Amino acid sequence: RVKRTLYVTDLDGTLLDQAGRIPPESLEILNRLMARGMLFTYATARSYVSASVVTDGLRVSAPVIVYNGAYILRPDSGEILAREGFSAPEMDFVVRALDSFGVDPLVYAYVDGVERVSWIAGRENDGVRRYLSLRQGDRRLRPVASREELFRGDKFYFTCIGERAALEPVHAFFCAGCPFPLYAPAGTVPAGVLVRNHARAGDQGKRHSKALPLAGL
């Protein structure tokens, strides 16, 4: 039986150029090789929506990995092939911890069967406002009025954006006090990510103050 190699790349800082696009020469070469039978895909911290935009023209047929491994999807339709979510005890622990630190995260969840990114309207800091300004027109955006609404739905991913002084204690708490296995790489900065999955948490959002990339194992 002939063994085949699957080539997997990250997007930001790897396949994408400084403008956040695949260079035309790379796009042409990859499409030509895939047409000849090369197995190729990408794994990214980006959402399926965001990844689809920056990989426009890349004719990937193998499943793609998004949200730091929380989802594996078909690239053409977005059909979910596999997912890794928080268990009920993990979710309860995370929400209570964020509440205790007074952190208002961006919450990624399926609400009534539709993917949404929720936040409490009127409590945005500069980093969150920048995040939202770069995603104008994104249908996933869902401003809410209460924490009860914020945490509604099938939650799978959190992003915490804020000043270093505010987020460092939160990062330290999850590193030291989490009762379930947690991946928390050292030295990562800006927009924090809290996601229950088995993939490497990437250094996304390098324009903000402090990151907490955390992943349950």
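Placed above this text is the structure.
Residues numbered from 1 in each chain as written. Predicted model: local features only at pLDDT ≥ 70, side-chain atom pairs only at ≥ 80, totals over all residues. Heavy atoms only, no water.

S.K.: Just give me the short version of the side chain of Asn 68, but keep the residues and values in it.
M.R.: Mapped onto the fold, Asn 68 is located in the loop between strand S3 (64-66) and strand S4 (71-73). Of the polar contacts made by the side chain of Asn 68, one reaches the side chain of Tyr 157; its length is 3.3 Å. (Helix = DSSP H or I, 4+ residues; strand = E, 2+ residues; numbered from the N terminus. Polar contact = N/O pair within 3.5 Å; in protein donor to acceptor, adjacent residues only side chain to side chain.)

S.K.: Explain the pattern of salt bridges residue by residue, including any values.
M.R.: What the rule picks out here adds up to 15 salt bridges. Here Asp 99 ties to Arg 147 by a salt bridge, and the two come within 2.4 Å at their closest N and O atoms. Here Arg 147 lies in helix H6 (residues 147-150) and Asp 99 lies in helix H4 (residues 88-101), a separation of 48 residues in the sequence. Taking relative accessible area as the criterion, Asp 99 reaches 37% and is therefore assigned partly exposed. (Salt bridge = Lys/Arg side-chain N within 4 Å of Asp/Glu carboxyl O. Buried < 20%, exposed > 50% of the residue type's maximum accessible area, 1.4 Å probe, protein only.)

S.K.: With reference to specific residues and values, describe the nonpolar core.
M.R.: Counting residues in hydrophobic clusters, the biggest one holds 31 residues, and the most contacted among them are Leu 58, Tyr 67, Leu 106 and Tyr 108. Excluding residues within four positions of it along the chain, Tyr 108 makes contact with Tyr 67, Arg 116, Val 117, Tyr 131, Arg 140, Asp 154, Lys 155, Phe 156, Tyr 157 and Thr 159. Ranked by size, the runner-up nonpolar core spans 20 residues in total, among them Phe 86, Met 91, Val 107 and Ile 120. (Core = buried A, V, L, I, M, F, W, Y, C linked by side-chain atoms within 4.5 Å. Contact = heavy atoms within 4.5 Å.)

S.K.: Kindly report on the pairing of strand S8 (residues 141-144), identifying the contributing residues and their values.
M.R.: Where burial is concerned, the two faces of S8 differ: the one with Arg 142 and Val 144 is buried and the one with Leu 141 and Pro 143 is not. Here strand S7 (residues 114-120) pairs with S8 via 4 bridges, running parallel. The residue of S8 that forms the bridge with Ser 118 is Arg 142. This β-α-β element, S7 to helix H5 (residues 126-133) to S8, shows right-handed connectivity. (Pairing = 2+ DSSP bridges. Right-handed = clockwise from strand over helix to strand, strands pointing away.)

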